[in-house]
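Read off the chains here:
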Amino acid sequence: MSVTVEQYARAHVVTDSPEDRDTVPVLLRYDPDSAASAVHVRLPGPDEWTFPRELLERGIRTPTTAGPVSIWPCGRVQAVMEFHSARGVAVMQFDTKALVRFLRRTYTATPVAH
């Protein structure tokens, strides 16, 4: 039996103004029953992004892009996610530890093939 993995992570909103650098909760979700290779990232408000889990796996180690989502490491302990839409661009900075913890949980949620 598989289990949906949900984890909140704190992300810094990256802007060009140091005064506007807010920290916001972001929901990371993985449901192996709906799409075994996809992760969902829900930003504050109505925006939710779905992209391959492999993009997140690779993006925390090396700059990676798939469609409107880019992920890249930022130093040794942080990673950046950039989301493009018709409304604009959202750039969020995460602690890599939180993303790795989420990925580890997704591996255990995947049903084992018999």
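Thresholds, definitions, all that
Residues numbered from 1 in each chain as written. Predicted model: local features only at pLDDT ≥ 70, side-chain atom pairs only at ≥ 80, totals over all residues. Heavy atoms only, no water. UniProt positions renumbered as here; feature names shortened; annotations may be inferred. Core = buried A, V, L, I, M, F, W, Y, C linked by side-chain atoms within 4.5 Å. Buried < 20%, exposed > 50% of the residue type's maximum accessible area, 1.4 Å probe, protein only. Helix = DSSP H or I, 4+ residues; strand = E, 2+ residues; numbered from the N terminus. Contact = heavy atoms within 4.5 Å. Pairing = 2+ DSSP bridges. Axes fitted to C-alpha atoms, helices over the stretch in contact; angles between N-to-C directions.

By the naming in an unreviewed UniProt entry, the chain goes by SsgA family sporulation/cell division regulator and is assigned to Streptomyces akebiae. Under the heading Subcellular location (unreviewed entry), UniProt records this for the chain: "Cell septum". Note on the chain: under the UniProt heading Sequence similarities (unreviewed entry), the record states "Belongs to the SsgA family."

A.B. asks: Can you help me understand the nonpolar core in this one?
C.D. replies: The nonpolar side chains of a soluble globular protein tend to be buried, and buried together. Counting 27 residues, the largest nonpolar core has V26, F51, L56, M81 and F83 as the members making the most contacts within it. It is helix 2 (residues 96-109) that contributes the most residues to this core, five residues altogether. If sequence neighbours within four positions are ignored, F51 has contacts with S37, A38, V39, V41, L56, V69, I71, M81 and F83.

A.B. asks: Hey, could you run me through the sheet that holds strand 1 (residues 5-13) in this one?
C.D. replies: Hydrogen bonding along the main chain pairs the strands of a sheet, whether they run parallel or antiparallel. As summarised here, the arrangement of the eight strands in space is 4-3-2-1-8-7-6-5, forming an open sheet in which the pairing is antiparallel. Strand pairing shows two members of the sheet lacking a second neighbour, strand 4 (48-52) and strand 5 (64-66), which therefore form its edges. Between one strand axis and the next, the sheet turns through 30° on average, direction left out of account. With three bridges joining them, strand 2 (residues 23-30) and strand 3 (residues 38-42) adopt antiparallel strand pairing. Counterpart to L28 in the pairing with strand 3 is V41. Against the sheet, helix 2 engages strand 1, strand 2, strand 3, strand 7 (78-85) and strand 8 (88-95), with an angle of about 165° to strand 1.

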